[in-house]
Amino acid sequence: MTSATASTDMKPVLEVKGLEGGYGSVQILNSIDLRVNQGEFVTIIGPNGCGKSTFLKTLFGLATHYRGTVVHNDTDVSGWRTDRLVARGIAYVPQVDNVFPSLTVRENMQMGGIRLSPGKLTDGIGRACWTFPDLEPRISDLAASLSGGERQMLAISRALISNPSFLLLDEPTAALSPKYQQQIMGCIDSLRSQGMTVLLVEQNARLSLARSDRGYIFSDGKVVHTGSADSILDDPDIGTYFLGSQE
Ligand SMILES: Nc1ncnc2c1ncn2[C@@H]1O[C@H](COP(=O)(O)OP(=O)(O)O)[C@@H](O)[C@H]1O
Ligand SMILES: [Mg+2]
């Protein structure tokens, strides 16, 4: 079953209506409507600077929310602080500066669960190492010594420590080799098979849409198109402009 057909009758995890956000007095987002259903993998694509990262930051309480509603699992969380969103099971992996290079892999993971009890923290670190087995032998190494791909795994691991049910990911495969891109996407697949709902912003549009249920195209702070991932991939007009070269 593709979720394109299922999306109309599935339960929404996130429902955004008329969202306007930005930084202080600089408005970037204009009336964004977007929905993610339980268990879906939804990808946002769009040109550089069009507001994709700002959208995730506004959802997660890291940019200014002006207007519009954000409903998470039937609760209006518009403008909520980040820590309250984390407590609801939402996690976010930023595009840049997403690990502490001068801390070890374990310490980075511990930072992701700073408010958890020792037992829950140990469970979370175990879960992260299970999801990213490459990190386990590096657990005592400094994050600075990791490859780009391993750093990205660590960044996602940190987000997993709090055992979220809804993951916001900002360009997790940017600047990675094809091998690591596939590995990161494979891990996201595995998280989904465990029930995780995923909203992803991605430059590698084809790589991400190929395993997504639905997609949204942003341009200049607005949603300019939405549809099933397959329909976006198959649309020749969208392909030329938004998806980059065919691999
Ligand atoms: N902290 C900030 N303060 C002011 N403007 C910002 C800030 N961060 C990003 N911007 C601006 O917001 C716009 C959207 O940026 P961004 O959301 O990062 O785009 P994308 O992720 O789609 O590449 C850009 O014009 C960018 O320069
Ligand atoms: Mg961005």
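## Brief notes about the domain arrangement of the protein chain
The parts lose accessible area when they come together, and the size of an interface is often stated as this lost area. According to the domain assignment, the protein chain consists of domain 1 (3-89 + 164-242) and domain 2 (101-163). One C-alpha centre belongs to domain 1, the other to domain 2, and the line joining them spans 24 Å. Across the boundary between the two partners, domain 1 contributes 16 residues, which contact 16 residues of domain 2. At the boundary of domain 1 with domain 2, the tally comes to 1 salt bridge. When residues of the side of domain 1 that touches domain 2 are traced back to their parent elements, those giving at least two are α3 (82-87), β8 (166-170) and α7 (178-193). When residues of the side of domain 1 that touches domain 2 are assigned to their parent elements, the largest contribution, 5 residues, is made by α7. When its residues are assigned to classes, the side of domain 1 that touches domain 2 shows 11 nonpolar, 3 polar and 2 charged.

## Overview of the site of ligand 1
Taken together, Y23, I28, P47, N48, G49, C50, G51, K52, S53 and T54 make up all the residues around ligand 1. Within the side chain of Y23, a nitrogen or oxygen atom sits 3.5 Å from a nitrogen atom of ligand 1. K52 is positioned such that a nitrogen or oxygen atom in its side chain is 2.8 Å from an oxygen atom of ligand 1. If ligand 1 stood free it would expose 560 Å²; the protein chains cover 59% of that surface. In terms of residues, the shell around ligand 1 owes the most to one element, helix α2 (residues 52-59), which gives 3 residues. Of the residues belonging to the shell around ligand 1, the class tally is 4 nonpolar, 5 polar and 1 charged.

## Regarding the coordination of the magnesium ion (ligand 2)
Six octahedral donors around a metal ideally subtend angles of 90 or 180 degrees, whereas four tetrahedral donors ideally subtend 109.5 degrees. Surrounding the magnesium ion (ligand 2) are the protein donor atoms S53 (OG) and Q95 (OE1), which sit 2.1 to 2.3 Å from the metal. Within this pair, whereas S53 is found in helix α2, its partner Q95 is found in the loop between β7 (90-93) and α4 (105-111), the two being separated by 42 residues in sequence. For S53, a relative accessible area of 16% corresponds to the buried category.

## Topic: the pattern of salt bridges
In total, this model carries 10 salt bridges according to the counting rule given. The salt bridge involving R138 is made with D141; its shortest N-O contact spans 2.7 Å. Take D141: its relative accessible area is 29%, and that puts it in the partly exposed class. What emerges from the salt-bridge pattern is a single network uniting R81, D83 and R115.

Basis of the calculations
Residue numbers here run from 1 along each chain, matching the order of that chain's written sequence. The naming scheme follows written order: chains are lettered A onward, ligands numbered 1 onward. With the structure being a predicted model, the display of local features is reserved for residues of pLDDT at least 70 and the display and counting of side-chain atom pairs for 80 or more, all residues being used for whole-chain, interface and lining totals. Water and hydrogen atoms were dropped before computing side-chain values, which therefore reflect all heavy atoms in the structure. Domain segmentation is taken from an automatic or database assignment of domains. Residues are treated as being in contact if the distance between any of their heavy atoms lies within 4.5 Å. Between Lys or Arg on one side and Asp or Glu on the other, a salt bridge is scored when a side-chain nitrogen of the former is within 4 Å of a carboxyl oxygen of the latter. A run of H or I in DSSP becomes a helix once it reaches four residues, and a run of E becomes a strand once it reaches two; helices and strands are each numbered from the N terminus. Polar here means any residue outside two lists: the nonpolar Ala, Val, Leu, Ile, Met, Phe, Trp, Tyr, Cys and Pro, and the charged Asp, Glu, Lys and Arg; Gly therefore counts as polar. Proximity is defined per residue: any heavy atom of the residue falling within 4 Å of a molecule or strand makes that residue near it. N or O atoms closer than or at 3.5 Å make up a polar contact, with two conditions inside protein: a donor-capable atom paired with an acceptor-capable one, and, for residues adjacent in sequence, both atoms drawn from side chains. Surface accessibility follows the Shrake-Rupley procedure with a 1.4 Å probe radius. Residue values consider only the protein chains on display as shielding. Nitrogen, oxygen and sulfur within 2.8 Å of a metal are treated as its donors, or within 3.2 Å for sodium, potassium and calcium (Na, K, Ca); water is not counted, so a site can appear incomplete. Relative accessibility decides the category of a residue: with a 1.4 Å probe and only protein chains considered, values under 20% of the type maximum give buried, values over 50% give exposed, and everything between is partly exposed.

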